[in-house]
Amino acid sequence: MRELLKEYRLGDMTVRYETDEEKHVGLTLYPAKMPLPDVRKQEALDALVQLKLACDAAEGCYAPGNTMRGSETVKKMKLLSQNVTVNGQETEIITILGDERGYIVSHHLHWKYGASYVDVFCEFQNKGQKEAQLELFSSFSIERISPYLDGDGHECLTVHRLRSRWSQEGCLESVPLEKLQLDACWNRDSVKCERFGQTGSLPVNNFFPWVMVQDTANGVFWGAQLYHGSSWQIELFRKDENFAVSGGLADREAGHWMKIVKPGEYFQSPKAVLTVCRTDSLDIAADRLLQSQKDTLGTLPESEEELPLIFNEYCTTWGNPSHENIVNILDALKGRGFSYFVIDCGWYKEEGVPWDISMGDYEVSKTLFPDGMEKTTAAIRAAGLKPGIWFEFETAGPASRAYHQTEHLLKRDGYPLTTSRRRFWDMNDPWVTDYLDKRLIGMLKRYGFGYLKVDYNDTIGIGCDGCESQGEGLRKNILATEAYFQKIAEEIPGIVIENCASGGHRLEPGFMALSSMASFSDAHECVEIPIIAANLHRVILPRQSQIWAVIRKDDSLKRTAYSVISTFLGRMCLSGDVTELSKEQWDVIDAGTAFYRKICPVIKDGISFRYGPEITCIRHPKGWQGLLREGTNGKAFAVLHIFDGELPDRIEIPVPLPENCACIVEEVYSDTKETVCVQGGKLVYEPSENWKAVAVLIQMNKNGDDFSRI
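Here the structure is a predicted model, which means the values were calculated and not measured.

### Some words on the pattern of salt bridges
Item 1. Counted according to the given criterion, the structure contains 58 salt bridges.
Item 2. When the shortest N-O distance is used, the salt bridge between Glu18 and Arg2 registers 2.5 Å. Placement of the pair is Glu18 in strand β2 (residues 13-20) and Arg2 in strand β1 (residues 2-10), with a sequence separation of 16 residues.
Item 3. Looking at Glu18, the relative accessible area reads 0%, which means it is buried.
Item 4. Across the pair Arg401 and Glu363 runs a salt bridge whose closest N-O atoms are separated by 2.8 Å. Remark: Glu363 occurs in the loop between β21 (338-343) and α6 (373-382) and Arg401 occurs in the loop between β23 (395-396) and β24 (411-412); sequence separation between them is 38 residues.
Item 5. Residue class for Arg401 comes out partly exposed when judged on its relative accessible area of 48%.
Item 6. For Glu363, a relative accessible area of 41% puts it in the partly exposed group.
Item 7. Via salt bridges that share partners, Arg2, Glu7, Arg16, Glu18, Glu43, Glu143 and Arg144 belong to a single interconnected network.

### Thoughts on the nonpolar core
Item 1. By size, the foremost hydrophobic cluster in this structure holds 197 residues, and its most contacted members are Trp347 and Phe568.
Item 2. In terms of residue count, helix α12 (residues 583-604) provides more of this core than any other element does, nine residues in total.
Item 3. For Phe568, the contacting residues outside a window of four places in its chain are Gly592, Phe595, Tyr596, Ile599, Ile603, Phe637, Val639, Tyr669 and Ala695.

### Quick notes on the packing of helix α11 (residues 557-566) against α12
Item 1. The interhelical angle for the contact between α11 and α12, taken along N-to-C directions, is 25°, at an axis separation of 10 Å. With respect to α12, the element α11 is oriented roughly parallel. Of the two possible hands of crossing, α11 and α12 adopt the one that is right-handed. Contact with α11, carried on its side by Leu557, Thr560, Ala561 and Val564, involves Glu584, Gln585, Val588, Ile589 and Gly592 of α12 and no other residues of that element.
Item 2. The residue inventory of the contact of α11 with α12, partitioned by class, reads five nonpolar, three polar and one charged.

### Quick word on α6
Item 1. Within α6, the full set of buried residues consists of Met373, Thr376, Thr377 and Ile380. Take α6 and look down its axis: the buried residues cluster within an arc of 95°, on one side only.
Item 2. On its buried face, α6 sits against α5 (323-333), β21, β22 (386-391) and α7 (430-447).
Item 3. Gly384 occupies a position one or two residues after α6 and carries a positive phi of about 90°.

### What to know about the sheet that holds strand β30 (residues 545-551)
Item 1. Spatial ordering of the closed barrel is given by β20-β21-β22-β27-β28-β29-β30-β31, a layout of eight strands whose pairing is parallel. Neighbour-to-neighbour, the strand axes of this sheet turn through a mean angle of 30°, independent of strand direction.
Item 2. In this sheet, strand β31 (residues 571-576) lies alongside strand β20 (residues 309-312) in parallel orientation, the contact comprising two bridges. Its bridge partner lying in β31, Phe311 is registered against Leu574.
Item 3. Most of the contacts of α6 go to β22, to which it runs at about 135°, and overall it touches β21 and β22.

### Observations regarding α11
Item 1. Of all 10 residues in α11, seven are buried; the element is thus mostly enclosed.
Item 2. Every buried residue belonging to α11 is among Thr560, Ala561, Tyr562, Ser563, Val564, Ile565 and Ser566, and all of these are buried.

What counts, and at which threshold
- Residues numbered from 1 in each chain as written.
- Predicted model: local features only at pLDDT ≥ 70, side-chain atom pairs only at ≥ 80, totals over all residues.
- Heavy atoms only, no water.
- Salt bridge = Lys/Arg side-chain N within 4 Å of Asp/Glu carboxyl O.
- Helix = DSSP H or I, 4+ residues; strand = E, 2+ residues; numbered from the N terminus.
- Buried < 20%, exposed > 50% of the residue type's maximum accessible area, 1.4 Å probe, protein only.
- Core = buried A, V, L, I, M, F, W, Y, C linked by side-chain atoms within 4.5 Å.
- Contact = heavy atoms within 4.5 Å.
- Axes fitted to C-alpha atoms, helices over the stretch in contact; angles between N-to-C directions.
- Parallel < 35°, antiparallel > 145°, perpendicular 65-115°, else oblique.
- Left-handed = near helix turned anticlockwise from the far one by under 90°.
- Nonpolar A, V, L, I, M, F, W, Y, C, P; charged D, E, K, R; others polar.
- Arc of directions from axis to C-beta.
- Pairing = 2+ DSSP bridges.

Put into C-alpha cells, the structure is as follows:
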C-alpha cells in the first residue's frame, strides 16, 4: 500500500514523494498546473534510488543481463528522514535512506527559483563495518509515468531519444513504448527494461545522455539529461502498470563498472537534470533542459560576448599548415571581420609523417615553421585576429616518442591500451600532468595563443587498469581530463576552449560547461550539415555549436550560400579554398557574415523550433527543413534548406503573433533574390529549385514585448 510522504511546488513543477509499508520511497514529477492525481495505493512503488551491491541478490523475473534495477539492495533501503533547506532562492530536498548494515544513501534534489528543471544526484555512504562493492548506482529514478493514464497507458506513451554516430549526430528517434516491448506483461511480474547508453570515453558515441517520455493523450513530457563524460546508461523499466525511468553511470553489465566503498568512505553519482511540462512541443520540452546548460556555462571569455567569426585552416591545408600558407590565407581574410584564426592539426609533424599518427611530442615543425611559431602568431595578430592552436593532449600516435612512454600510458590487463592510431595518457599520473604543463600550457603561454582546440579522436572502450574495475578506471581518467580543462582555463585567463572529439562525440553537458564552444560534427562539407546542426538545437546551446562552412573554388554561388546559411544554426566557422575564391563567391560570403552578425543576439539567447518532414536518410536527404529561432529581443530568424526529391509548392512555418504585434520580414539572405513573407501568422516561401537555402530575419515586435513561447 502506498501513501503520500510529501509534495513540493517548485515553480511550474510539482515533485511528489510516496512511501509504502516497507518504507521505500518513490519520486514522481508532474506539471504544477495540472490536477494532482490520487495516490495509486495498489501499484508497486519503484524506488527513487537504484543501486546494487555485489553481495546482494539481483532481481529475478528475467532481469539479469537486461537490468540490475530492483535488487535486494534497493529493497533493504528504508526511509530514515527527509530534510528541506531553503537558502535564498535555492531549495534542496535531501531524502536519506539506510539499511541495517550501516549503508546510507542520500538523494539530493535541488531547485533554483525560476528554473525549468531540477538537479538530482545521489551519495552512498558506508557507515558500516564491511566494505561495500557497488555494481549499480543511479543518479536519478522517477516513477509513475504517466499518472494521468489508466492501466499501462497503452498507445499513449512515446520515448524520444537522440541517436548519434560519427558525422550523424543527434538524430531524433521517437518510438511508442509498444515498439520497445515495454507494455505491461500479462502476469504483471515479468521485468521489462530498455537499457541504452554508451561505453567508453566518447559520451555521445551511440546516444546522447538524454531522454524524453511523452504522454501523447495529455500533452505532458518528462525529460532527463546526464552530466557525465564517460560510460553512462538510461533505463526504461516496468514490471506492472508503473513505468519508470532511471539513469547514471553505466553499471557492471553495461559499463564494466564496480566501485569499492570502504567503511567511512562515500561515493557520489554524476549529476542529472530532470524536467516535466505540459506542451505538445518536443522542442519546448527540450529547451527546459537546455536552460540548465545555460545556467552552468559560467563566465565565458569576454571575446565570446558577440559570438565572433572563426576561421580554421584544416579544410584548407588538410593537416599541413605552414607559415607560408597561413600568411597567404591571412591576406584573403583581412578586413572581413574574422576574430579567431585556428591552426589545426599537423603543425608538429615531421616531413613525410601523417599528422594523425604523430601527435604526442608536440614540438613545432622546423620544416613547416622554419622561423619558429613566433613569426606566425605575430602575423596572425598583425592581421587583427587572435591565434588559436590544435592539440589532442590525451593521446599519443605511433610515430611519436610519447607513444613509447608506456609507464605513463593507460593499460588494460597489463598491456598498453592501444587502438590502430592511438595510445592514451594516464591523466591521473603526475608525470603526465607535468609533461602537459610544459608541452601544452607552456606553449600556449610562450606564443600567446588565445584559443585552444582540444580534439580527441578515439575511445578507450570499457576502461583501463588501476582501479577496482576497468569502468572505474575510465571514470577516474575522464574526471582527470576534465580537471585539466579547468587547469588550462585557470592558467590562461580568457582563453577560448573548443571541445572537439572527432567532431561531436563529447557534446555532453559536463564537457560543454568546460568549453566556450564545440565542434558540432565532422561532416565538414556534406549536404547534411544543416540537418545535424538543427538536431543539436535540442541538446546543446546554439551559441556553443561551431558549424563549418567549407567553401571550394568550384562551388556554385548556390552551393556557397547553402554552406554559409548552415552556419546560422550556430557559430560560424569558415574553411576551404579561401585563397582561390572568386569575387562573386566572396560577395556571397561577406553578405552572409553580415547577416550572421545581425542574428547573433538570437543565436545567443532564444528558443528553436524545427519544421518539415522527417529526414529518413541524412546522407541522401529528401524534402525540406526549416528552423525558426525566436529571440527575446523582438527578433527571430528562420533558416530553410530544400533538399532533393519532389519540390514543395509552398513552405509554411508558424510564427508566434502576440496580441497587437506587427510581424514583418526584415531581410532575406540567399545567393539570389528570394521572396519570403508573413501571411496569417505563418512564414511563407515558394521555392523554385532543389538544393536551395534561404535565411530570413524577422522583426517580431517593435514594442519590445516578450513574445517567446518558452
